[in-house]
Amino acid sequence: MKLHRRVLRLDGREYTVLGLRPGTTARFATNRYHGTWHLLSDRAGAQLLARLLWGLSYERHPGTLVVIDRPFLDPTPFEGEASDPVVLVPRGLTPLADGAARALRRALPLAPPPAGTVRWRTHGLDLALADPGGWDERVRAQFRREGDDGSTVLRRGGLVTVSASPRALREWAVDAARLGDRGPYEMDYTFLGEGCDAPGEVQTFRRYRSMVSSAVVAHREILAEDTGRDLPQSVRERIWHRSAEVRRRTRRPARPTRPAPAPVA
């Protein structure tokens, strides 16, 4: 995998900003629900996110971060609202204060031509996925030694920032890569953090793109114009119900079945 590289000066400090290249088909959305920031996509998006997290865990150049922004962001698949850009930050290597986050948000979407291309190497992720039992035990052992390392997910300067240590980045990468292959379920998820109180979550939907499309239509039908973020809960619920109606009415009708042939006398 290759990423575009840009160099930006943000709040008096130079950053190396890595981003997805044109032609990348994965799409993402973000929302906050029940006090948790969610990164939403389908299985393909979760697998791409896993590669980004894993590669970032081995980054050694201070000031490096990864940005997911338009055109790789969708409106939310629930209310059709605008999603915040996502920034992946290697904790302890790249400080991202509020001023730098706001400056980065103002610079998005990244219009200047890239300064170069980075080859993103993630072969270690494949090895971890091929040995799930051994990998899980190593992670548990490392957590017992190190404890909570302060990795977190929060909104800063208009960005959803995923700031994590190398250990957490690799752990989250493996968990994200496994999403969508655990049975015949429409939705799958993994926490970014420890337990149900984790500050972040990656959530996948088998019909993610259909959900986004119907939510956008429902948003437009319920609201004459986009009213921005903070929708009243009653309006959100109306959009949710209308979105389900949109999916039902746009679903292709089942093909009529041929009548069984009459028995031969």
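**Comments concerning helix α2 (residues 98-107)**
Phase 1 of the analysis: Three or more residues of α2 are buried, namely G99, A100, A101, A103 and L104.
Phase 2 of the analysis: Where the residues of α2 are buried, they touch β1 (2-10), β2 (13-19), β5 (64-68), β6 (86-90), β8 (152-156) and β9 (159-164).

**Some remarks on the nonpolar core**
Proteins that are soluble and globular tend to have nonpolar side chains buried together.
Phase 1 of the analysis: Core analysis: the biggest nonpolar cluster contains 40 residues, and L49, L52, I68 and L88 have the highest contact counts within it.
Phase 2 of the analysis: Counting residues per element, the ones that place at least two in this core are β4 (36-41), α1 (43-57), β5, β6, α3 (123-130), α4 (132-146), β9 and α5 (166-177).
Phase 3 of the analysis: For this core, the element with the highest residue contribution is α1, accounting for eight residues.
Phase 4 of the analysis: Beyond its immediate chain neighbours, meaning those up to four positions away, L88 contacts L49, L52, L53, L56, L65, V66 and V162.

**Section: the packing of aromatic side chains**
Phase 1 of the analysis: Taken as a whole, this structure holds three aromatic pairs when the rule is applied.
Phase 2 of the analysis: Between F78 and F205, the ring centres sit 5.8 Å apart and the planes meet at 75°, which makes this aromatic pair edge-to-face. Taken as a pair, F78 in the loop between β5 and β6 and F205 in strand β11 (residues 200-205) lie far apart in primary sequence, 127 residues in all.
Phase 3 of the analysis: Its relative accessible area of 22% is what places F78 among the partly exposed residues.

**Here we look at the environment of V202**
Phase 1 of the analysis: You can see V202 is positioned in strand β11.
Phase 2 of the analysis: The exposure class of V202 is buried, given its relative accessible area of 2%.
Phase 3 of the analysis: Excluding anything up to four places from it in sequence, V202 contacts L39, L49, L179, D188, Y189, T190 and L192.

**As for the packing of α1 against α5**
When two helices pack together, you describe them by how their axes are tilted relative to each other and by the distance separating the axes.
Phase 1 of the analysis: Look at α1 against α5: their axes get within 8 Å of each other, and the N-to-C directions meet at 160°. Here α5 runs roughly antiparallel to α1, going by the angle between their axes. The element α1 and its partner α5 pack so that their crossing is left-handed. Within the contact between the two elements, α1 uses A46, Q47, A50, L53, W54, L56 and S57 and α5 uses P166, L169, R170, W172, A173, V174, A176 and A177.

**Notes on the sheet that holds β11**
Phase 1 of the analysis: Within the open sheet, the four strands sit side by side as β3-β4-β11-β10. Their pairing is mixed. Two strands close off the open sheet at either side, each with one partner strand: β3 (29-33) and β10 (187-192). Direction aside, the axes of adjacent strands within the sheet are offset by 25° on average.

**Some remarks on the pairing of β8**
Put simply, side chains in a regular strand alternate between the two faces of the sheet.
Phase 1 of the analysis: For β8 and β9, the ladder comprises five bridges, and the chain directions are antiparallel. The partner of V153 across the bridge, within β9, is V162.
Phase 2 of the analysis: Remark: two residues form the turn of the hairpin made by β8 and β9, two consecutive strands paired antiparallel; G157 in that turn has positive phi of roughly 60°.

Rules and cut-offs
Residues numbered from 1 in each chain as written. Predicted model: local features only at pLDDT ≥ 70, side-chain atom pairs only at ≥ 80, totals over all residues. Heavy atoms only, no water. Buried < 20%, exposed > 50% of the residue type's maximum accessible area, 1.4 Å probe, protein only. Helix = DSSP H or I, 4+ residues; strand = E, 2+ residues; numbered from the N terminus. Contact = heavy atoms within 4.5 Å. Core = buried A, V, L, I, M, F, W, Y, C linked by side-chain atoms within 4.5 Å. Phe/Tyr/Trp six-rings, centres within 6.5 Å; stacked < 30°, edge-to-face > 60°. Axes fitted to C-alpha atoms, helices over the stretch in contact; angles between N-to-C directions. Parallel < 35°, antiparallel > 145°, perpendicular 65-115°, else oblique. Left-handed = near helix turned anticlockwise from the far one by under 90°. Pairing = 2+ DSSP bridges.

Treat this as a map of the structure, not an account of what it does.
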